[in-house]
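# Reading the structure
Here's the letter readout for the chains.
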Amino acid sequence: AQSVTQLDSQVPVFEEAPVELRCNYSSSVSVYLFWYVQYPNQGLQLLLKYLSGSTLVESINGFEAEFNKSQTSFHLRKPSVHISDTAEYFCAVLGTASKLTFGTGTRLQVTL
Amino acid sequence: DGGITQSPKYLFRKEGQNVTLSCEQNLNHDAMYWYRQDPGQGLRLIYYSQIVNDFQKGDIAEGYSVSREKKESFPLTVTSAQKNPTAFYLCASSMAQTETQYFGPGTRLLVL
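Here is a short report on the structure shown in this document. (Residues numbered from 1 in each chain as written. Chains lettered and ligands numbered in written order. Predicted model: local features only at pLDDT ≥ 70, side-chain atom pairs only at ≥ 80, totals over all residues. Heavy atoms only, no water.)

Each partner contributes residues to the interface: chain B has 21 residues there, and chain A has 19 residues. For the pair chain B and chain A, the summed buried area comes to about 1,500 Å², and 52% of that belongs to carbon and sulfur atoms. The largest per-residue losses of area from chain B upon contact with chain A belong to Leu43, Thr100 and Phe103 of chain B, which jointly make up 27% of the total buried on that side. Taken together, chain B and chain A are joined by one salt bridge. Lysine 99 of chain A is paired through a salt bridge with aspartate 59 of chain B; the nearest N and O atoms lie 2.7 Å apart. If you look at where chain B meets chain A, you find seven residue pairs in polar contact (both at pLDDT 80 or more). In terms of residue class, the side of chain B that touches chain A is built from eight nonpolar, nine polar and four charged. (Contact = heavy atoms within 4.5 Å. Buried area = accessible area lost by both parts, 1.4 Å probe. Salt bridge = Lys/Arg side-chain N within 4 Å of Asp/Glu carboxyl O. Polar contact = N/O pair within 3.5 Å; in protein donor to acceptor, adjacent residues only side chain to side chain. Nonpolar A, V, L, I, M, F, W, Y, C, P; charged D, E, K, R; others polar.)

Next up, the structure:
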């Protein structure tokens, strides 16, 4: 069985500060990893994904995540956040039986 | 525009009533999924379909039913057997079960 752990349910941060949202996973097989973002009362939008190749993946709005196989982690980072980044972020792993398993989410709250 | 549409945005159910949530996609995706989202629990898989006229139960299928008569459509019925139906329901689709999933805007179901 596979699982995803997002230890931080909420992360408050000031605008223009850096942020890291943590994600750890467990799986007995090779995995694909994803970060999705959800704004209030909306569906999930794909932020970035790791399928293979370079372990560092980037999104168009300045987020990046690094796949670390030895630590089974896929943490999401941004060097300088904006108010508009306030949202809920979900880490997900696609592995066993091609099933997508989600973490419980991290609410990023950016304030002035 | 290509994408996934869900209707209605809000839906109210009376006790003992069945309700059907609509999900349509024009992405030519073979696989479609229904998830339920509750606060603090992430997303849980209800049903999925890899191909027309075929579908499988997910982790929390009890009290729900689906059909897949057309490639573009995957409606979800919440039956009266589902005792706690209040939640945010998300539909997703992907080229195949091993591919990236893309989400619709969601339907919020409330019980009167």
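The next point concerns a nonpolar patch on the surface. Taken together, the side chains of Tyr10, Phe12 and Leu112 of chain B define a hydrophobic patch exposed on the protein surface, amounting to about 340 Å² of accessible area. Topologically, tyrosine 10 of chain B is positioned in strand E2 (residues 10-13). (Patch = residues over 30% accessible without salt bridge, like charges linked within 9 Å, V, L, I, M, F, W, Y side chains within 5 Å. Areas by Shrake-Rupley, 256 points an atom, 1.4 Å probe, with all protein chains shown as cover. Helix = DSSP H or I, 4+ residues; strand = E, 2+ residues; numbered from the N terminus.)

Moving on, we get to the pattern of salt bridges. All names here are of chain A. In this structure the tally under the stated criterion is eight salt bridges over all chains. Close ionic contact of aspartate 8 with arginine 22 constitutes a salt bridge, the shortest N to O distance being 2.9 Å. Taken together, the residues span a long stretch of sequence, with aspartate 8 in the loop between strand E1 (3-5) and strand E2 (10-14) and arginine 22 in the loop between strand E3 (19-21) and strand E4 (24-26) at a distance of 14 residues. Its relative accessible area of 21% is what places aspartate 8 among the partly exposed residues. (Buried < 20%, exposed > 50% of the residue type's maximum accessible area, 1.4 Å probe, protein only.)

Structural measurements only, silent on function.
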